[in-house]
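# Remarks on the overall topology
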Amino acid sequence: MSKSINVALIGNPNTGKTSIFNQLTGLKQKVGNYPGITVEKKQGICKLPRGVKAHILDLPGTYSLNTTSLDESVVVEVLLNKNDKDYPDVAVVITDVENLKRNLLLFTQIKDLRIPTILVINMADRMSRKGISVDIEAMEKKLDTKIALVSTRTGKGVTYVKELIANYRSLLAQPNLDTSRIAPEYFARLKQAFPKEDIYKLWLVITQDVNFMPIEKKRIQDATSFSTKSKEDLKKLQHRETVLRYQFINATLKDTYKVDLQAATGLRANLDKILTHKIFGYVIFFLILLLIFQAIFEWSTYPSDFIDEQFSLVSDWLKNTLPSGILTDLLAEGVIAGIGGIAVFIPQIAFLFLFISLLEESGYMSRVVFLMDRLMRPFGLSGKSVVPLISGTACAIPAVMATRTIESWKERLITILVTPFTTCSARLPVYLILIALVIPEGSFLGLSYQALTLMLLYLLGFGMAIFSAMVLNRVLKIKSRTLFIAEMPTYRLPLVKNVGYTVLEKTKSFVVGAGKIILAIAIILWFLGSNGYSEDFKNAETIVSERIEKQGLSPYSKNYIKNNIDLYVKSTPLSITGGEKAVSIRAIQDSVRVMTKILTESAMQQEVASYRLEHSYMGCAGKAIEPLVKPLGYDWKIGIAVLTSFAAREVFVGTLATIYSVGSDQEDTIKNRMAAELDESGKKPLFNLASGISLMLFYAFAMQCMSTLAVVKKETNSWKWPLLQLLFMSTFAYLVALMAFQLLK
Amino acid sequence: MATVADLQPGQKGIITEFDDAVLPIKLLELGCLPGNEVELVQVAPLKDPIYINLSGTHIAIRRVLANHIPVSIVDNKPSL
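As recorded by an unreviewed UniProt entry, chain B carries the name Ferrous iron transport protein A and is attributed to Flagellimonas meridianipacifica.

Looking at an unreviewed UniProt entry, one finds chain A named Ferrous iron transport protein B and attributed to Flagellimonas meridianipacifica. UniProt's Sequence similarities (unreviewed entry) comment on chain A is quoted here verbatim: "Belongs to the TRAFAC class TrmE-Era-EngA-EngB-Septin-like GTPase superfamily. FeoB GTPase (TC 9.A.8) family." Quoted straight from UniProt, the Function (unreviewed entry) entry for chain A says "Probable transporter of a GTP-driven Fe(2+) uptake system."

Shown next as C-alpha cells:
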C-alpha cells in the first residue's frame, strides 16, 4: 500500500480536458466548489497499475498562468502553494494536436515552476485527416518530458497516460526556459532579495492577483532592498515573457511537428460559411431554439406523466400499508407529494442540460456568440451574454457563473443582473400547472392556446431581460474597457460519454439541491398546518358539525359530491336489456344513494380538516398576509405558497400540495385539488383566468431564488447587486400582477 | 498603416511591431505576435466582430481591437 498520487489536469479550453478526466476516473468523480468561491472543483480517483491510486484534480481551463478571471486564478493558486492539499505531485498538461503551438505556452510555464509534467497530445485521431505528423521522441527530448498521444474518442493512449502517472518519479523537474531572460537585471535583484525562493514562482506571485497569498506578497512589498515595478512595466515584461516562450516553442516544433496542408480537409470553413451566414446563421439558430422548446414541452410530457403517476402510487401505497398516524401522513402527504412535485420535471431539466451541453461540446455555441455580439451590444451586453441567457432557461445559477468569460465588467454585471428574468426550469412546474388550470383548450393556427401561453411567457422573460439590460446600460455609470476575444474551436462530434456525464451530474445536483429545500419546507409546513393553539383549532369537530346542522354543507362540498356522482353515473354501464330494465334502474338509484352517503361523510370530514387548517399556526400566518396578496387575486393558501417559494420557485406546487393534503382526507392529484378550490364568493374557481395570469406574471418577474441571490453576491462580491435585484424584480412583479388581476377580473 | 480591420475575407497579413501597452496579454498568448501570420476568415453579418485565424488559432475579436493590430498585407489575390 502506498499513498495516492496527486495529479492535476491542466490545459487550454477546448482541448478535451474533461474527456480525459472522464476516461481516467470513470464515474468515480466528485464535483464541489473551491472554498469560498463558486468555481467548480472536479475531482476523481483513478486506479493505476500495481495497485497504486491517483487522486485526479481537473483544474479550470486556462490559456496561461497570466490570469484574467476567477477560474484561472484557481489554477495558479493550486500550483503555487506547496502546502495546499491539492498541490500536484505531477501535472498532466492536455493539448490539442491541432493547436499544439498555442497549447504549449501553458506547458512551458508549468515546467518552469519545476513541477514534474506529462504532456498529453489529445485528438490524435484527427492527425491523418489534418495532415499532421509529430516526431514524439525528438519532441520529448526538446521539452524534457514524456508525451502520450491520446484519442479520447477511441480510448487510445489512456492506459499509457496512467502508466506515465504511475512512474512520475522518473520525470525531471527541470524548467524549459531560463526565465531570468525575461528581465535579467530585475530577476537578479529578486534573487538577491529572496535567495531561498524559486524565481519564476516569485514572478507569478508579483504579477498575478492571487488571493491566497497576501502574506507572501506583503513580504515582497516590505523588503526595502527591493522596489516593485509599475503595472505598465510589469505588463511589458509579461509581453516579453510570451514572446520568449513562443520563440522556444517555435524552435521546438520546427523539426518535430509537420502539417501537410494539402491533406487537410475544410470542414470548418464549409460549416462556418453556413452557420455564420448572415441569413442562414440566424435561421439555423432560431430553429435550434425551437427544437429545444419542442423537446421540453412535447417530448418530456411522456416521462413526466409517468413519474407523476408513480409518485401518487407510492403515496397511496404508503397510506394503505403503514399504520395510519401522524408520521404516515407526513410521509405520504408532505414529503412524497413535495418530492413528486420536483421529480416530475426531471425530464425537462435533463433535456435542457442535454441541449446546452451538445451546443457547447460541438463548438456551435461559439458561433452563436460570434453572430450575436453586434446585436447584443446596443443593450450593454456582449455576444458572450447569449450563453448565460440560454443556459438561464435551465437554471440561473450556472448561468450567472457562465458570465465569467465576459471580459468587460460592465457587460458582465448587466448580464448577471438580467439573467434571472429568463424562464428557468424552476418556473416550469408553476407555469405548467397554472396553464393547465386556467388556459382553455383549443388552438390558434395549429398551436394550442396552452402551448402559445407558455411560449409567450418565455418570450416575456427574454424581453424583460433585454429591456432591463438596456435600462441598466443607460443608468450604470461604470467605465470599463470593452474587450472581446472569443475562441472559435474546431467543430467536433460531441462525445456521448461527456454529454451523458454532464446531464447526469447537473440534473442530479439540481434535484438533490431542490429536494433538500422542499423536504425541509414540507416538514415545517406540515407541522404548522396540523398544529394550532386557538380554541377554534382544538374544538374544530364540534364547531363544524354544529355549523353543518344549521347551514348545511359548504358550496365546495356540494360541488364535490355532485361532480363525483356525475362521474359515477357516467361510468356505470347501462347495457341491460328488456324487462330487467326497471330493476336495474332501481339498483342504480340505490347505489347512487349509498354513494351520496359515503361522499357526504367524507365531505364533512374534509370540512373539519379544512376548518382546522384555517385555525392552525399556518392558517393564522396566512390570514395575516392575506391583505397583501388579496388585491392580486390570491387567497391565504396561495399567499403561503408564494411566500415559501421565495426560497425557490419550484416550492410553490409542493407547498400547495402539502396545504391541500393537510386540509383533506382524499388522495387526489394536486391539479384536481387546485381545480376544485373555490374563491371567496364560493361560485368561481379560485384559479381562474385573472388570478392565474396574475400568478404567472408574478412568477415571471419576481426574484424568488435564494441560491441565485447567493451566487450573485459571490460573483459580484457585494450585497448591493443581489439586494437591488431582489427589490427591483419583486416590486415590479407585484405591481404587474396587481394590474393584471384588476384589469382581468 | 494597414491593420487587421482592413483585411478582406480570405486575405492574409503579417503582424508588424506594435505598442505593447494597447493589446491585452491574452491576445498575445493566443499567437498575436509580431512576425506571425493572420488571416481574416469571416466577418459577422453586421460587419462586427471579425473572425480571424492567427497561425492556427481561430478567434473572434471586435473591430475596435482589430484596429490596434498593425499588419503588412501579403496576399492580394482573392480567395478561391
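On we go from here.
## Describing the UniProt feature "binding site: Mg(2+) 2" (unreviewed entry) in chain A
Residues and elements named next belong to chain A. In the numbering adopted here, UniProt assigns the feature "binding site: Mg(2+) 2" (unreviewed entry) to Thr25 and Gly26. Along the polypeptide, Thr25 turns up in helix α1 (residues 17-25). At 2.8 Å, the side chain of Thr25 and the backbone oxygen of Phe21 are in polar contact. Mapped onto the elements, Gly26 comes out in the loop between α1 and β2 (29-33). The exposure class of Gly26 is buried, given its relative accessible area of 19%.

## A few points about the interface of chain A and chain B
The interface of chain A with chain B comprises 41 residues on the first partner and 31 residues on the second. Buried area between chain A and chain B, summed over both chains or domains, comes out near 3200 Å², and the portion from carbon and sulfur atoms is 61%. Sorting the residues of chain A by area buried against chain B places His239(A), Phe370(A) and Ile485(A) first, and these three jointly supply 22% of that buried surface. At the junction of chain A and chain B, the tally comes to 4 salt bridges. Between Arg62(B) and Asp373(A) there is a salt bridge, and its shortest N-O distance comes to 2.8 Å. Looking at the side of chain A that touches chain B, the element that brings in the most residues is helix α10 (residues 231-256) of chain A, giving 7 residues. Grouping the constituent residues of the side of chain A that touches chain B by class yields 14 nonpolar, 11 polar and 16 charged.

## Concerning helix α15 (residues 346-362) of chain A
Its 17 residues place the ends of α15(A) 24 Å apart at the C-alpha level, agreeing with the 24 Å of an ideal helix rising 1.5 Å per residue. Just past α15(A), the residue Gly363(A) takes up positive phi, approximately 95 degrees.

## Points about the pattern of salt bridges
All chains considered together, the criterion is met by 29 salt bridges over all chains. A salt bridge links Lys130(A) to Glu98(A); its shortest N-O distance comes to 4.0 Å. Here Lys130(A), found in helix α4 (residues 127-130), pairs with Glu98(A), found in the loop between β5 (90-96) and α3 (100-112); they are 32 residues apart in sequence, far enough to count as distant. Note on Lys130(A): relative accessible area 12%, which makes it buried. Connected through salt bridges with shared partners, the residues Asp373(A), Arg377(A), Glu411(A), Asp48(B) and Arg62(B) form a single ionic network.

## With respect to the nonpolar core
All names here are of chain A. Ranked by internal contacts, the top residues of the largest apolar core, which has 105 residues, are Tyr634, Phe652, Phe687 and Leu695. Top contributing element to this core by residue count: helix α16 (residues 364-376), with 8 residues. Once residues within four sequence positions are removed from consideration, Leu695 is found in contact with Leu434, Tyr634, Ile638, Val642, Phe652 and Phe687.

## So, the confidence of the model for chain A
Mean pLDDT over chain A: 83, with 91% of residues reaching 70 or higher. For the stretch residues 211-215 of chain A, pLDDT sits under 50, and the model shows 6 contacts to residues farther than four places along the chain or on other chains.

## Concerning helix α13 (residues 301-321) of chain A
Three or four residues apart is the spacing at which side chains of an α-helix point the same way, because the helix has 3.6 residues per turn. All names here are of chain A. The end-to-end C-alpha distance of α13, which contains 21 residues, comes to 30 Å, matching closely the 30 Å that a straight helix rising 1.5 Å per residue would cover. Taken as a whole, α13 has its buried residues at Ser304, Ile307, Ser315 and Leu318. Seen along its axis, α13 keeps its buried residues to an arc of 75 degrees; they face one direction. Away from its buried face by more than 90 degrees, α13 exposes Tyr302, Phe306, Leu313, Trp317 and Asn320.

## Some thoughts on the packing of aromatic side chains
Residue and element names in this part refer to chain A. For the structure shown, the criterion picks out 12 aromatic pairs over all chains. With a centroid separation of 6.5 Å and an interplanar angle of 25 degrees, the aromatic rings of Phe351 and Phe355 are classed as stacked. Of this pair, Phe351 and Phe355 both sit in helix α15, 4 residues apart, which is roughly one turn of the helix. Note on Phe355: relative accessible area 11%, which makes it buried.

## Quick notes on unusual backbone geometry
Cis geometry marks the peptide bond from Asp48(B) to Pro49(B), where omega comes out at -5 degrees. Here Pro49(B) lies in the loop between β2 (37-43) and β3 (50-54). Even without being glycine, Asn717(A) reaches a positive phi, approximately 60 degrees. Take Asn717(A): it is sitting in the loop between α32 (706-716) and α33 (720-744). Of note in this structure, Ser55(B) is not a glycine but carries a positive phi near 35 degrees. Position of Ser55(B) relative to the elements: it lies in the loop between β3 and β4 (57-61). Residue Ser55(B) is classed as partly exposed on the basis of its relative accessible area of 33%.

Criteria and cut-off values
- Residues numbered from 1 in each chain as written.
- Chains lettered and ligands numbered in written order.
- Predicted model: local features only at pLDDT ≥ 70, side-chain atom pairs only at ≥ 80, totals over all residues.
- Heavy atoms only, no water.
- UniProt positions renumbered as here; feature names shortened; annotations may be inferred.
- Helix = DSSP H or I, 4+ residues; strand = E, 2+ residues; numbered from the N terminus.
- Polar contact = N/O pair within 3.5 Å; in protein donor to acceptor, adjacent residues only side chain to side chain.
- Buried < 20%, exposed > 50% of the residue type's maximum accessible area, 1.4 Å probe, protein only.
- Contact = heavy atoms within 4.5 Å.
- Buried area = accessible area lost by both parts, 1.4 Å probe.
- Salt bridge = Lys/Arg side-chain N within 4 Å of Asp/Glu carboxyl O.
- Nonpolar A, V, L, I, M, F, W, Y, C, P; charged D, E, K, R; others polar.
- Expected span 1.5 Å × (residues − 1).
- Core = buried A, V, L, I, M, F, W, Y, C linked by side-chain atoms within 4.5 Å.
- pLDDT = per-residue confidence, 0-100.
- Arc of directions from axis to C-beta.
- Phe/Tyr/Trp six-rings, centres within 6.5 Å; stacked < 30°, edge-to-face > 60°.

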